[in-house]
Amino acid sequence: LNQFIAGEKITKDLNPEYGSIQKLHTRDTNLLTLCEDKVLKIQANKDALFNADGNFNITSTDKFLGSAIAIPGEFGISRNPESFTTYADMCYFCDKNRGTVMQLKGDTLLPISQVGMSDYFSDTFKVTDIFSILGTYDEKKLDYNVTVTRGDRFLIESQSTTTWSERSKGWSSFKTFYPEQGLSINNEYYTWKNGSMWQHHSDAVARSKFYGTSTASGTYPSVTTIFNDNPSSVKSFNTIHYEGSQGRIVENDSDNEF
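Rules behind the numbers
Throughout, a residue's number is its position along its own chain's written sequence, starting from 1. In keeping with the model being predicted, local features are shown solely for residues with a pLDDT of at least 70 and side-chain atom pairs are shown and tallied solely at 80 or more, while totals for entire chains, interfaces and linings include all residues. Working from all heavy atoms in the structure, the side-chain values ignore hydrogens and water. Only strands that DSSP links by at least two bridges are regarded as paired with each other. Secondary structure elements follow DSSP: runs of H or I of four or more residues count as helices, runs of E of two or more count as strands, with numbering from the N terminus. To obtain each axis, a line is fitted to C-alpha atoms, and for helices this fit is confined to the stretch in contact; angles are then taken between N-to-C directions over 0 to 180 degrees. Throughout, exposure labels follow a simple rule: accessible area from a 1.4 Å probe, protein chains only, divided by the maximum for the residue type, with under 20% read as buried, over 50% as exposed, and the rest as partly exposed. To define a nonpolar core, start from buried Ala, Val, Leu, Ile, Met, Phe, Trp, Tyr and Cys residues and group those joined through side-chain atoms within 4.5 Å. We call two residues in contact whenever any of their non-hydrogen atoms come within 4.5 Å of each other. The pocket and cavity definitions rest on a 1 Å grid over protein atoms only: a 1.4 Å probe that fits but cannot leave marks a cavity, an open set with protein on both sides within 12 Å along at least five of seven lines marks a pocket, and residues lining either have an atom within 4 Å of a point. Grid points are joined across faces, edges and corners, and a volume is the space filled by probe spheres set on the points. In this classification, Asp, Glu, Lys and Arg are treated as charged, Ala, Val, Leu, Ile, Met, Phe, Trp, Tyr, Cys and Pro as nonpolar, and every other residue, Gly included, as polar. Pairs were defined over the aromatic rings of Phe, Tyr and Trp, the Trp ring being its six-membered one, requiring ring centres within 6.5 Å. Orientation was assigned from the angle between planes: stacked under 30 degrees, edge-to-face over 60, tilted for the rest.

**Points about the sheet that holds strand E15 (residues 181-185)**
The sheet built from three strands is open, its strands ordered E15-E16-E17 with antiparallel pairing. With one partner strand each, in any of the chains shown, E15 and strand E17 (196-199) form the two edges of the open sheet. The average angle at which neighbouring strand axes cross in this sheet is 25°, direction not considered.

Here is the structure:
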């Protein structure tokens, strides 16, 4: 800490209209700054001098924090920095105030919640008793998992986990595990529950069994397909995969067939 002397130019003021700073993340040579209502990148240990045509050249300066460049888009991280996670050049976070889930790829903000789930997240985020919106990334499956917890630290009313699949570019499923924290290490996905670490996608445990117990609802995993009842329309699905140890076999009571 003695390297950062208060008498030197080490501080940076941002527009108060952006709200408070909720998350700082180093990306490449810049400092990604997520405020309640805006996302900015601040150049660290360099500054930008803009030309008349709008382009800029990088030059050295005695300022530790350089220009604050706003990323286009009227979105922020609200007050849920726990929803932030990153993988490669992509960052994910949730904007509760606007009812959206965001993906930051390069300098482009994309509201991925609008891919078929805009009403769901708008309704989910507008309630007032949300305790946390946890975002974790599964590098093995390329999934961004959003866990919404309602209630407080002493009494949890309800929880839900929804998954954005980067492979299919859509919201692939609801899941029945609700972690307190999670991350990926060496292409393995780990989450924590009650202070204990759990490894996912492991053959050592039964399918659909998390944290030593069965699914929250006590039922078997299921797949719900949605069909358009218009007979003239063509039904098509993208990236449907199934993996299991044994299929379900049901006896037909009418003729004793299976």
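**Let's talk about the sheet that holds strand E3 (residues 39-44)**
One open sheet holds the four strands; their spatial order is E1-E2-E3-E6, and the pairing between them is antiparallel. Both outer strands of the open sheet, strand E1 (21-27) and strand E6 (65-70), are each paired with one neighbouring strand and no more. For this sheet, the mean angle separating the axes of adjacent strands, direction not counted, is 25°. Sheet analysis places E1 next to strand E2 (residues 30-35), joined by six bridges and oriented antiparallel. Residue pairing across strands places His25 opposite Leu32, the latter belonging to E2.

**With respect to unusual backbone geometry**
With a phi close to 55°, Asp28 is a non-glycine residue in the positive phi region. Among the structural elements, Asp28 can be located in the loop between E1 and E2. On the basis of relative accessible area, Asp28 is assigned to the exposed category, the value being 77%.

**Focus on the nonpolar core**
With 17 residues, the main nonpolar core has Val101, Phe125, Tyr144 and Trp171 as its most contacted residues. Elements supplying a minimum of two residues to this core: strand E8 (90-95), helix H1 (118-125), strand E11 (130-138) and strand E12 (143-151). When near neighbours in sequence (up to four residues on either side) are disregarded, Phe125 contacts Cys94, Asp95, Lys96, Gly99, Thr100, Val101, Ile130, Ile133 and Val148.

**Digging into the layout of surface pockets**
By volume, the second largest pocket amounts to about 220 Å³. When contributions to the lining of the second largest pocket are tallied by element, the ones reaching two or more residues are E11 and strand E13 (156-165). Of the residues forming the lining of the second largest pocket, the biggest block, three residues, is contributed by E11. When the residues that make up the lining of the second largest pocket are grouped by side-chain class, the tally is five nonpolar, five polar and five charged.

**Quick notes on the packing of aromatic side chains**
Counted under the stated rule, the structure contains eleven aromatic pairs. Aromatic pair Tyr120 and Phe121: ring centres 5.1 Å apart, planes at 80°, arrangement edge-to-face. Classification of Phe121 as buried rests on a relative accessible area of 1%.

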